[in-house]
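Take a look at the letters that make up each chain.
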Amino acid sequence: METVKGISIKSDWLNDLVKVSDLIYYDGPLLSHYQSLSGEDYLFYWVDTDDTYNRWLIINISIVKLQDYLNRKISLLSLITELDNGLVYKVDIDKDIQYHNFEFLYIYELPETYLPTKNSLYSFEPLKQQVDLSSYSKKHNQGIFQAYFGNSEKVGYGTIDAELWANSLIQFVAINKGLKKDYINKTKRKAKEENIKIDTALLQGASTFHYIGNTRNSFGALFKPVGNEIIFPGTKTTEDKFVEYVIGFYESSNNIEDFKEYISTLDKKVVNSYKSLLKTITGAKTNFKLNYVNAISEQIITSDIDYKKAKVILNNLETLEFSDTVDTKITGRFTALNLKTGHYEFEDFEDETNRSKGYLDSVRLEVAYKIKWDKTYNIIVKRKEELKTGSKDPKITDLLISFIEQD
């Protein structure tokens, strides 16, 4: 092993690096791409060995420079020797993956044998592997949700076509919004039937996700829940249960009968958003994968839809026609009422998007004159949704069958 002397530093931060992909592999990795939890990119370049250690150079790079290297615009030698700060890290790693002799030094201090040749252009394919989401989960002390796009003409190494990303994100968010509303309503109804008190704020936080960054090796967007629920090892959290429900929606679409049952209480606009997402996947000839890891509660949930499977699902959904009638309970106030025709409009004052408009049944129409504008009511609506092939939106018909004034 060559004698190299740099300035010793602590190696603690190396434990937070996550391997993205092996870029050069021959009887073991020779050049690997890692990413920090804060989104910085590093290359591990194998340069030396002895009976005890393998020696690696660690190079902090920009994703732009890495793309240039992978696209054969610059050599590995240029990538290493033309760093802005002129510094690299050196570390010796033993067979138990323990770090030793961690130092930083200037590039000009490296032995010639540690540098690639002048014609070291990239001529390999990155080994496909999934980023270890458990590291992100441990850092945030929450579950991490990843929407991942596989390599295609519009998805590269850490990059994605802007139009593909924008369209798929809009559709993905619309689907999650509809699933969130349905999940919360189902949870509330179940709690009421079982006379269990639930924490509405906790439920909202666990089913609302924020974008926190992306991962390389193809393209993956990372999300984490807004809420900060206390997690007990090995016990499912509220967010775990919600994600399980979300991914169940995608998995159920593999069978049309299962899908019909899954969407029986769902806003049918979600189905149209899903169709749009499937068309985006097939159009880009990419694959769409959902990964969820909660390292604390020990939950791992995944769903994988490649463009061929997406095409089959889409064809099945295009033949989907159904009519559902469900009783929907809403608490709020009347905003419009016609005593002659029986037409009404009603709004949930806690959720402005939860509205109902339609007609009162004959019994309610006879006592409609008792309704007061400044009072709060519990109403029950018999809601019929019809979705036909080729229709953009479902036809919704509401019939009010009960209203009770609240104190």
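Residues numbered from 1 in each chain as written. Predicted model: local features only at pLDDT ≥ 70, side-chain atom pairs only at ≥ 80, totals over all residues. Heavy atoms only, no water.

K.L.:
Please set out the overall build of the protein chain residue by residue, giving values where relevant.
P.N.:
In terms of helices and strands, the protein chain carries ten helices and 17 strands. Here the C-alpha radius of gyration of the protein chain, 28 Å, is well above what a compact globule of 407 residues would show, namely 22 Å. Here the C-alpha coordinates of the protein chain stretch approximately 95 × 40 × 35 Å along the principal axes. Of all 407 residues assigned to the protein chain, the portion counted as buried reaches 47%. Of the roughly 21700 Å² that the protein chain leaves accessible, carbon and sulfur atoms contribute 49%. Taking the average location of the 52 positive side-chain charges in the protein chain and that of its 59 negative ones, the two points are 7 Å from each other. (Helix = DSSP H or I, 4+ residues; strand = E, 2+ residues; numbered from the N terminus. Rg over C-alpha atoms; globule rule 2.2 N^0.38 Å. Buried < 20%, exposed > 50% of the residue type's maximum accessible area, 1.4 Å probe, protein only. Areas by Shrake-Rupley, 256 points an atom, 1.4 Å probe, with all protein chains shown as cover. Lys, Arg positive; Asp, Glu negative; His and termini not counted. Charge placed at Lys NZ, Arg CZ, Asp CG, Glu CD.)

K.L.:
Describe the sheet that holds strand E10 (residues 219–225), naming the residues involved and giving the relevant values.
P.N.:
The strands making up a sheet are joined through hydrogen bonds of the backbone, oriented either antiparallel or parallel. The strand order across the open sheet built from five strands is E9-E10-E8-E11-E12, with neighbouring strands paired in antiparallel fashion. Either end of the sheet is taken by a strand with one partner, and the two such strands are strand E9 (209–215) and strand E12 (299–305). Along the sheet, successive strands turn relative to each other by an average axial angle of 20°, direction set aside. In this structure, strand E8 (residues 144–149) lies alongside E10, joined through five bridges in antiparallel fashion. In the strand pairing of E10, Ala147 is matched with Ala221. (Pairing = 2+ DSSP bridges. Axes fitted to C-alpha atoms, helices over the stretch in contact; angles between N-to-C directions.)

K.L.:
Could you give an account of the pairing of strand E4 (residues 41–49), naming the residues involved and the relevant values?
P.N.:
Summarising burial for E4: seven of the nine residues are buried, a large majority. By the bridge criterion, five bridges tie strand E3 (residues 29–35) to E4 in an arrangement that is antiparallel. In the strand pairing of E4, Ser32 is matched with Phe44. Two strands pair when backbone bridges link them, and E4 and strand E5 (residues 54–61) are joined in this way by eight bridges, in the antiparallel orientation. If you follow Phe44 over to E5, its bridge partner there is Ile58.

K.L.:
Go over empty space enclosed by the protein, please, and point to the residues and values.
P.N.:
Under the criterion given, the structure shown has one cavity of 30 Å³ or more. Its volume calculated, the largest cavity comes out at about 30 Å³. In terms of lining residues, the largest cavity is bounded by Ala147, Phe149, Trp165, Ser168, Leu169, Phe172, Phe223 and Phe288. Elements supplying a minimum of two residues to the lining of the largest cavity: E8 and helix H4 (162–193). In terms of residues, the lining of the largest cavity owes the most to one element, H4, which gives four residues. (1 Å grid on protein atoms, 1.4 Å probe; cavity = no way out; pocket = protein on both sides within 12 Å on 5 of 7 lines; lining within 4 Å. Points joined across faces, edges and corners; volume = space filled by probe spheres on them.)

K.L.:
If you had to explain the sheet that holds strand E1 (residues 7–8) to someone new, which residues and values would you point to?
P.N.:
A sheet is described by the order of its strands in space; here seven strands give the open sequence E1-E7-E6-E5-E4-E3-E2, paired in antiparallel fashion. Of all strands in the sheet, those with a lone pairing partner are E1 and strand E2 (18–25), marking the two edges. Along the sheet, helix H1 (residues 63–70) makes contact with E2, E3, E4 and E5, crossing E2 at roughly 25°. (Contact = heavy atoms within 4.5 Å.)

K.L.:
Go over the pattern of salt bridges with me, naming the residues and quoting the values.
P.N.:
Between side chains of opposite charge, a pair can form as their charged atoms come close. As enumerated under the stated definition, the model contains twelve salt bridges in all. We note a salt bridge from Lys279 to Glu318, for which the minimum N-O separation is 3.9 Å. Taken as a pair, Lys279 in helix H8 (residues 269–284) and Glu318 in helix H9 (residues 307–318) lie far apart in primary sequence, 39 residues in all. Take Glu318: its relative accessible area is 27%, and that puts it in the partly exposed class. (Salt bridge = Lys/Arg side-chain N within 4 Å of Asp/Glu carboxyl O.)

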